[in-house]
Amino acid sequence: MSEDFSKLFSAMMEQGTEMARLFNPALERFSPVGFEKFIPTMSKDMMEMWFGRTFNREGLDARTRLLITIAALTVLGAQADAQLRLTIRHALEAGASQREIAEVIFQMSMFGGVPAMTRALEIAQSVFDEKSGENT
């Protein structure tokens, strides 16, 4: 590996770690390199896309990206319950308010339908209740 490539790869890994931390402060010690051991078939291109420069450009912060993800998962409906629950938790950690999350879900009723919105709101409420229980 050339010195220039090593520097580029190190910068990508640092960016990925920072984006993961912004998504969820609990991921402060996140290391994208660990994914290679966990899923050895995952290509470096995928790691670059998810945590490197492709999706980590300036413009959208982690909170906004997570709110957009909540919108998409809401429209997907019941097939994305687990992913929605996790993304709502991460959005709260990244600074999104309960109101903002609910507004995003409400907005998606015109795209995913009222049943998808209702299910997503139920999931969000359960996450909010869990989080409030953690704080007591």
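Further up the page is the structure itself.
Residues numbered from 1 in each chain as written. Predicted model: local features only at pLDDT ≥ 70, side-chain atom pairs only at ≥ 80, totals over all residues. Heavy atoms only, no water.

**Side note on the overall build of the protein chain**
Logical step 1: Summing up its helical and strand segments, the protein chain has eight helices and zero strands in all.
Logical step 2: Helices and strands appear in the protein chain in the N-to-C order α-α-α-α-α-α-α-α.
Logical step 3: Within the protein chain, residue pairs in contact and separated by at least 24 positions form 61% of the contacts whose partners lie at least 6 positions apart.
Logical step 4: For the protein chain, the accessible surface area stands at approximately 8500 Å², while carbon and sulfur atoms represent 59% of it. (Helix = DSSP H or I, 4+ residues; strand = E, 2+ residues; numbered from the N terminus. Contact = heavy atoms within 4.5 Å. Areas by Shrake-Rupley, 256 points an atom, 1.4 Å probe, with all protein chains shown as cover.)

**Regarding helix H8 (residues 114–134)**
Logical step 1: The end-to-end C-alpha distance of H8, which contains 21 residues, comes to 30 Å, matching closely the 30 Å that a straight helix rising 1.5 Å per residue would cover.
Logical step 2: Taken residue by residue, H8 has Ala116, Met117, Ala120, Ile123, Ala124, Val127, Phe128 and Lys131 as its buried positions. In a view along the axis of H8, the buried residues occupy a sector of 140°, so they form one face of it. Turned more than 90 degrees away from the buried face of H8 sit Val114 and Pro115, all of them exposed.
Logical step 3: Of the surrounding elements, those touching the buried residues of H8 are helix H4 (62–76), helix H5 (81–93), helix H6 (98–107) and helix H7 (109–112). (Expected span 1.5 Å × (residues − 1). Buried < 20%, exposed > 50% of the residue type's maximum accessible area, 1.4 Å probe, protein only. Arc of directions from axis to C-beta.)

**Things to note about the nonpolar core**
Logical step 1: By size, the foremost hydrophobic cluster in this structure holds 22 residues, and its most contacted members are Ile70, Leu84, Ile88, Ile101 and Ile105.
Logical step 2: Looking at this core, the elements with two or more residues in it are H4, H5, H6 and H8.
Logical step 3: Considering every element that reaches this core, the biggest residue donor is H8, with six residues.
Logical step 4: In this structure Ile88 touches Ile70, Ile101, Ile123, Ala124, Val127 and Phe128, once residues within four positions along its chain are discounted. (Core = buried A, V, L, I, M, F, W, Y, C linked by side-chain atoms within 4.5 Å.)

**Details of the pattern of salt bridges**
Logical step 1: For the structure on display, the rule yields seven salt bridges.
Logical step 2: A salt bridge links Arg85 to Glu130; its shortest N-O distance comes to 3.4 Å. Pair noted here: Arg85 is in helix H5 and Glu130 is in helix H8, with a separation of 45 residues, a long-range link.
Logical step 3: You can call Glu130 partly exposed: its relative accessible area is 36%.
Logical step 4: For Arg119, the salt bridge is made with Glu122, and the minimal N-O distance between the two is 3.3 Å. Here Glu122 and Arg119 lie together in helix H8, a separation of three residues that amounts to about one turn.
Logical step 5: Residue Arg119 is classed as partly exposed on the basis of its relative accessible area of 33%. (Salt bridge = Lys/Arg side-chain N within 4 Å of Asp/Glu carboxyl O.)

**A look at empty space enclosed by the protein**
Empty space among the atoms becomes apparent when a probe as large as a water molecule is rolled across them.
Logical step 1: Scanning the entire structure with this criterion turns up one cavity of 30 Å³ or more.
Logical step 2: By volume, the largest cavity is sized at about 30 Å³.
Logical step 3: Together, Leu73, Thr74, Gly77, Ala78, Asp81, Leu84, Ala116, Arg119, Ala120 and Ile123 line the largest cavity.
Logical step 4: Secondary structure elements with two or more residues in the lining of the largest cavity: H4, H5 and H8.
Logical step 5: Among the elements that make up the lining of the largest cavity, the one with the highest residue count is H8 (four residues).
Logical step 6: Per-class residue counts for the lining of the largest cavity are six nonpolar, two polar and two charged. (1 Å grid on protein atoms, 1.4 Å probe; cavity = no way out; pocket = protein on both sides within 12 Å on 5 of 7 lines; lining within 4 Å. Points joined across faces, edges and corners; volume = space filled by probe spheres on them. Nonpolar A, V, L, I, M, F, W, Y, C, P; charged D, E, K, R; others polar.)

Purely geometric stuff here, so don't read any function into it on its own.
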